[in-house]
Amino acid sequence: MIKSLKSTGHELADSAFQLTVLRQEVVDTLRLPPFHEKLRGAGLFPLVPVAPGVLQINVGKMCNQVCRHCHVDAGPDRKEIMTRQTMQYCLDALAQTDIPVVDLTGGAPEMNPDFRWFVEEISKLGRKVLVRCNLTIIVANKKYYDLPEFFRLHNVEVVSSLPFYSAAKTDSQRGDGVFEDSVRALKMLNAVGYGQEGSGLVLNLVFNPSGAFLPGGQKGLQDQFKRVLLKDHGIVFNELFAITNIPVSRYLDYLIESGNYAGYMEKLVTAFNPAAAAGVMCRTTISVGWDGGLYDCDFNQMLDLHVASPIQHIRDFDAAALSQRAIVVNQHCYGCTAGAGSSCGGTVA
Ligand code: SF4
Ligand code: SF4
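The paragraphs below set out a description of the structure included in this document. (Residues numbered from 1 in each chain as written. Chains lettered and ligands numbered in written order. Predicted model: local features only at pLDDT ≥ 70, side-chain atom pairs only at ≥ 80, totals over all residues. Heavy atoms only, no water.)

1. Some thoughts on the packing of aromatic side chains
In this structure the tally under the stated criterion is 13 aromatic pairs. Summarising the aromatic geometry, the rings of phenylalanine 35 and tyrosine 334 are spaced 5.0 Å apart at their centres and angled 85° between planes, so their arrangement reads as edge-to-face. Note that phenylalanine 35 is positioned in helix α2 (residues 35–41) and tyrosine 334 in helix α15 (residues 334–337), a separation of 299 residues in sequence. With respect to burial, phenylalanine 35 and tyrosine 334 carry one shared label: buried. Grouped by ring-pair contacts, the aromatic residues Phe164, Tyr165, Phe207 and Phe225 constitute a single cluster. The ring centre of tryptophan 117 lies 4.3 Å from the NZ or CZ of arginine 84, which sits over that ring. Above the face of the phenylalanine 150 ring, arginine 116 is positioned so that its terminal group lies 5.1 Å from the ring centre. (Phe/Tyr/Trp six-rings, centres within 6.5 Å; stacked < 30°, edge-to-face > 60°. Helix = DSSP H or I, 4+ residues; strand = E, 2+ residues; numbered from the N terminus. Buried < 20%, exposed > 50% of the residue type's maximum accessible area, 1.4 Å probe, protein only. Lys NZ or Arg CZ within 6 Å of the ring centre and 35° of its normal.)

Put into structure tokens, the structure is as follows:
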């Protein structure tokens, strides 16, 4: 059983130590140019936001799984979760903007005791809710069995990781039995209409590589996943997002432990794509941490890289002031700009 870095007292549980590792310019004789130099070369430094389209809220680090590559270092032992008071600050902030989409993430966001209340309140504001559901939570305990129905009632868009359409690859990354439980959950989502043509209920899957390499073409992977999941399990879904693993937290640990860190970073640097850099998700996203802190994205959140703005907490939300900030970048950002790029919604270029 994998444990969170925090519970084992691992040095990479410390975000400052992660940044020290990431900031080394020479690794195994390789020179890894600072990310901001690459951006400057592409005419994109400082990186600035455009109108926010998504408020991404991390409602806590608690999770029923302990995936090997988790950038949140989430797990059952993590107790940091968002309070209802902080959720109310998020609702107040939303009410003063027209940000159309709220993206709920975690951990397993459904484990936050105020999750359902929060979804209902966001829906009342007329915003689209997207939930990053790890699938297995739906079958983890009978109190979650009705989640598909709850999602349907609020027209929640469901986005779920499924590293592969086979048990061996999925379980090696996400834990024993995860594939089987994910298949059960996907069937429950399909049964209430998710992923079914004409239902309007969106079920998207997320693929991420199980080793130290970049994902293949998103469309080809989607076709493969659709074909095999339908043939073997009768499962349907809408789109597949292919995302690149970002060298943060447990994935950074995996890279170092497996001796792949320098090689992986070199791959990311070599594949830097200015078009992907122009389309990175932090330009259109504001990220809120479990304690209400503000960040440019969930990865910066895990590295404790707060927004470069006098507005640091959701209770003080000021869209105009936040629009004046420069996005905080670092070496992990190479993961978003390699090849076709990567975001919470898949490729960007
Ligand atoms: S990757 Fe997702 S499901 Fe896995 S431990 Fe992290 S938060 Fe939980
Ligand atoms: S890691 Fe975050 S800040 Fe860096 S490019 Fe990606 S989304 Fe933007």
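2. A closer look at the site of ligand 1
Around ligand 1, the neighbouring residues are Cys63, Gln65, Val66, Cys67, Cys70, Ala74, Gly107, Asn134, Arg174 and Arg250. Within the shell around ligand 1, the residues separate by chemical class into 5 nonpolar, 3 polar and 2 charged. (Near = heavy atom within 4 Å. Nonpolar A, V, L, I, M, F, W, Y, C, P; charged D, E, K, R; others polar.)

3. Details of the environment of phenylalanine 237
Here phenylalanine 237 lies in the loop between α9 (218–233) and β8 (240–242). Here the alpha-carbon distance between phenylalanine 237 and glycine 217, two residues 20 residues apart in the chain, equals 18 Å. Ignoring sequence-local partners within four residues, the contact set of phenylalanine 237 consists of Gly195, Leu203, Leu205, Gln222, Phe225, Lys226 and Leu229. (Contact = heavy atoms within 4.5 Å.)

4. Considerations on the nonpolar core
Counting 59 residues, the largest nonpolar core has Ile57, Leu104, Phe118, Phe151 and Phe225 as the members making the most contacts within it. With residues up to four places along the chain from it excluded, the contact list for leucine 104 reads Ile57, Val59, Pro109, Phe115, Phe118, Val119, Ile122, Val129, Leu130, Val131 and Arg132. Core analysis: the second largest hydrophobic core is formed by 46 residues, Leu32, Val72, Leu252 and Cys282 among them. (Core = buried A, V, L, I, M, F, W, Y, C linked by side-chain atoms within 4.5 Å.)

5. Description of the pattern of salt bridges
A full pass over the atoms with the stated rule returns 16 salt bridges. With a closest N to O distance of 2.7 Å, arginine 250 and aspartate 73 form a salt bridge. Of this pair, arginine 250 sits in helix α10 (residues 249–257) while aspartate 73 sits in the loop between β3 (54–58) and α3 (84–95), and the two are 177 residues apart along the sequence. A relative accessible area of 3% means that arginine 250 is categorised as buried. (Salt bridge = Lys/Arg side-chain N within 4 Å of Asp/Glu carboxyl O.)

6. Some words on the environment of serine 166
Inspection of the secondary structure puts serine 166 in the loop between β6 (157–161) and α7 (167–174). Sequence-wise, serine 166 and leucine 229 are 63 residues apart; in three dimensions their C-alpha atoms are separated by 9.2 Å.

7. Some remarks on the side chain of glutamine 173
In this structure, glutamine 173 sits in helix α7. Residues within four places of glutamine 173 in sequence aside, it is in contact with Cys67, Arg68, His69, Pro163, Asn208, Pro209 and Ser210.

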